[in-house]
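Structural overview for review
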Amino acid sequence: MAEEISLMEIDDEEGTSGSLKTDKGKNVAVSAAPPDSKAIPWVEKYRPQSLDDVAAHRDIVETIDRLASGNRLPHLLLYGPPGTGKTSTVLAMARKLYGNQLQNMVLELNASDDRGIDVVRQQIQDFASTQSISFGAKPAVKLVLLDEADAMTKDAQFALRRVIEKYTRSTRFALICNNVNKIIPALQSRCTRFRFAPLDSVHVTGRLKHVISSEGLDVHENGLKALVRLSNGDMRKALNILQSTHMASQQITEEAVYLCTGNPMPKDIEQIAHWLLNESFLTSHKRISEIKSRKGLALVDILREVTMFVFRIKMPAEVRIQLINEMADIEYRLSLACNDKLQLGSLISAFTRARASLVAAAK
Ligand SMILES: Nc1ncnc2c1ncn2[C@@H]1O[C@H](COP(=O)(O)OP(=O)(O)OP(=O)(O)O)[C@@H](O)[C@H]1O
Ligand SMILES: [Mg+2]
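Now for a quick tour of the structure. (Residues numbered from 1 in each chain as written. Chains lettered and ligands numbered in written order. Predicted model: local features only at pLDDT ≥ 70, side-chain atom pairs only at ≥ 80, totals over all residues. Heavy atoms only, no water.)

Taken together, the neighbourhood of ligand 1 is formed by 19 residues, with Val43, Ala55, Lys86, Thr87 and Ser88 sitting nearest. Contact between ligand 1 and Gly85: a nitrogen atom at 3.0 Å from a main-chain N or O atom of the residue. Ser88 is positioned with one of its side-chain polar atoms (N or O) 2.5 Å from an oxygen atom of ligand 1. For ligand 1, the accessible surface in isolation is 630 Å², of which the surrounding protein chains cover 95%. At the level of elements, helix H3 (86-98) and helix H10 (235-248) are the ones that each hand at least two residues to the shell around ligand 1. Looking at the shell around ligand 1 residue by residue, the classes come out as nine nonpolar, six polar and four charged. (Near = heavy atom within 4 Å. Polar contact = N/O pair within 3.5 Å; in protein donor to acceptor, adjacent residues only side chain to side chain. Areas by Shrake-Rupley, 256 points an atom, 1.4 Å probe, with all protein chains shown as cover. Helix = DSSP H or I, 4+ residues; strand = E, 2+ residues; numbered from the N terminus. Nonpolar A, V, L, I, M, F, W, Y, C, P; charged D, E, K, R; others polar.)

See the structure below:
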């Protein structure tokens, strides 16, 4: 008779009895039941439970689903920027494959906690060498989830290559990371790679709307747009900003979102740029200092946004390059903890010089 859930073949020569040691890895996320408590951060409360819940990346999700359901799960390497659904996708796949046996069949290790290969090797060995649960007639292949694999040292990665080979018949590995260039080619070539791009605004909006209606929130349209803009395709960031803005204010408006994140609002940046381009040094300094302290803005954030603004306005290329370079120098000095007041002076001076060049160019 066909197996109910037929998974990949394994050799059970190493099969021994005993419980699995999964306590060292960060196993909090490996849970069959959806979290449901008021205290839970929304990023966890709304973590996709099934593959269908994963927003965007449909092609990747469907491919992984097809491979896993068809007993052809390869070793996986999921990479891409934060908050795009890499960990969630692997967990949702595991939930579908193993159901209520999830805890026994998945070992979740966070490479940034357990960097040493000896720890990893020991845990994987303990895990892979214990008896598999049978799904139908055959014992199922287990899954080792190595999150933040780019934090592993090169030596650990070379050693992991052997570990993967040794246990490949009984265990699949899913490596997850942000920076794929930090994974050695020998490991990359053992895995099927999937790149998770930042979520586009349509998907971030859709997922936010789902949370907004589930929580019954009062979100203005411009507030929603601000959330999408500030999150830059990072769904975790979008949910975190939504939740913290909700805790700070009843209504989620554009202003509330910007205030909560400490980001300068676009209209404030326009105002600041207007002062920089038109007012005297003293007036600019006074007004910018005032708006900075009234709205709790950091000069480094103002600088970043004003730089974007400079890219958008019309001016001769050489003036723009000079101005951008000077702003980059100020940013560098701020990163060395130089005094905000002095650097604000430098910013205004940079604009004064740019204005002089613009006048000269016009003549
Ligand atoms: N594609 C997505 N669809 C729905 N929710 C998502 C998606 N991506 C991220 N999220 C939300 O963001 C949270 C974090 O996602 P996840 O842990 O999967 O990101 P990640 O890509 O593994 O990020 P990191 O690289 O920082 O580990 C999830 O709990 C979920 O709430
Ligand atoms: Mg992750």
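Before going further, it helps to examine the nonpolar core. Of all hydrophobic cores here, the largest spans 29 residues; its most connected members are Ile124, Val144, Leu160 and Phe173. What Phe173 contacts, discounting residues up to four positions off in sequence, is His75, Leu76, Ile124, Val144, Leu160, Val163 and Ile164. (Core = buried A, V, L, I, M, F, W, Y, C linked by side-chain atoms within 4.5 Å. Buried < 20%, exposed > 50% of the residue type's maximum accessible area, 1.4 Å probe, protein only. Contact = heavy atoms within 4.5 Å.)

Quick look at the sheet that holds strand E2 (residues 106-110) now. Read across the open sheet, the five strands follow the order E2-E5-E6-E1-E7; overall the sheet is parallel. Because the sheet does not close on itself, it has two edges, and the strands there are E2 and strand E7 (192-195). For this sheet, the mean inter-axis angle between neighbouring strands, taken without regard to orientation, is 15°. When strand E5 (residues 142-147) meets strand E6 (residues 171-177), the two strands line up parallel, connected through five bridges. Each residue of the ladder has a partner; that of Leu145, found in E6, is Ala174. Contacting strand E1 (76-79) and E7, helix H2 (residues 58-69) runs over the sheet at an angle of about 155° to E7. The strands touched by helix H5 (residues 117-128) within the sheet are E2, E5 and E6, with E2 carrying the most contacts at an inclination of about 175°. (Pairing = 2+ DSSP bridges. Axes fitted to C-alpha atoms, helices over the stretch in contact; angles between N-to-C directions.)

Where helix H8 (residues 201-215) contacts H10, the two axes come as close as 11 Å, and the packing angle between them is 35°. In the packing of H8 onto H10, the handedness of the crossing is right-handed. Note on element contacts: H10 touches H8 through Met235, Ala238, Leu239 and Leu242, opposite Val204, Arg207, Leu208, Val211 and Ile212. Its residues assigned to classes, the contact of H8 with H10 comprises eight nonpolar, no polar and one charged. (Left-handed = near helix turned anticlockwise from the far one by under 90°.)

This brings us to the pairing of E5. The buried fraction of E5 amounts to six of the six residues, a majority that puts the element mostly inside the structure. Across the two faces of E5 the burial is the same, with Lys142, Val144 and Leu146 and Leu143, Leu145 and Asp147 all buried. As judged from the five bridges shared by E2 and E5, these two strands associate in the parallel manner. Pairing of Asn110 across the sheet is with Asp147, part of E5. Once the chain exits E5 it traverses helix H6 (residues 154-166) before rejoining the sheet at E6, and the crossover so formed is right-handed. (Right-handed = clockwise from strand over helix to strand, strands pointing away.)

Taken as a whole and judged by the stated rule, the model has zero aromatic pairs. Positioned above the aromatic ring of Phe127 is the side chain of Lys142, whose terminal nitrogen or guanidinium carbon lies 5.0 Å from the ring centre. (Phe/Tyr/Trp six-rings, centres within 6.5 Å; stacked < 30°, edge-to-face > 60°. Lys NZ or Arg CZ within 6 Å of the ring centre and 35° of its normal.)

Of all seven residues making up E6, seven are buried, and the element is well covered by its neighbours. On E6, burial covers both faces: Thr171, Phe173, Leu175 and Cys177 on one face and Arg172, Ala174 and Ile176 on the other are all buried. Inspection of the sheet shows E1 paired to E6 by four bridges, in the parallel sense. Its bridge partner lying in E6, Leu78 is registered against Ile176.

By volume, the second largest pocket amounts to about 380 Å³. If you trace the second largest pocket, you find 18 residues lining it, with Arg229, Leu230, Tyr258, Asn263 and Glu305 closest to the centre. Breaking the lining of the second largest pocket down by element, the ones donating at least two residues are helix H9 (221-231), H10, helix H11 (254-261), helix H12 (266-278) and helix H14 (299-312). With five residues, H14 is the largest single contributor of residues to the lining of the second largest pocket. For the lining of the second largest pocket, a count of residues per class yields nine nonpolar, three polar and six charged. Of the domains in this structure, domain 2 (201-261) and domain 3 (266-362) are the two that each give at least three residues to the lining of the second largest pocket. (1 Å grid on protein atoms, 1.4 Å probe; cavity = no way out; pocket = protein on both sides within 12 Å on 5 of 7 lines; lining within 4 Å. Points joined across faces, edges and corners; volume = space filled by probe spheres on them. Domains from an automatic or database assignment.)

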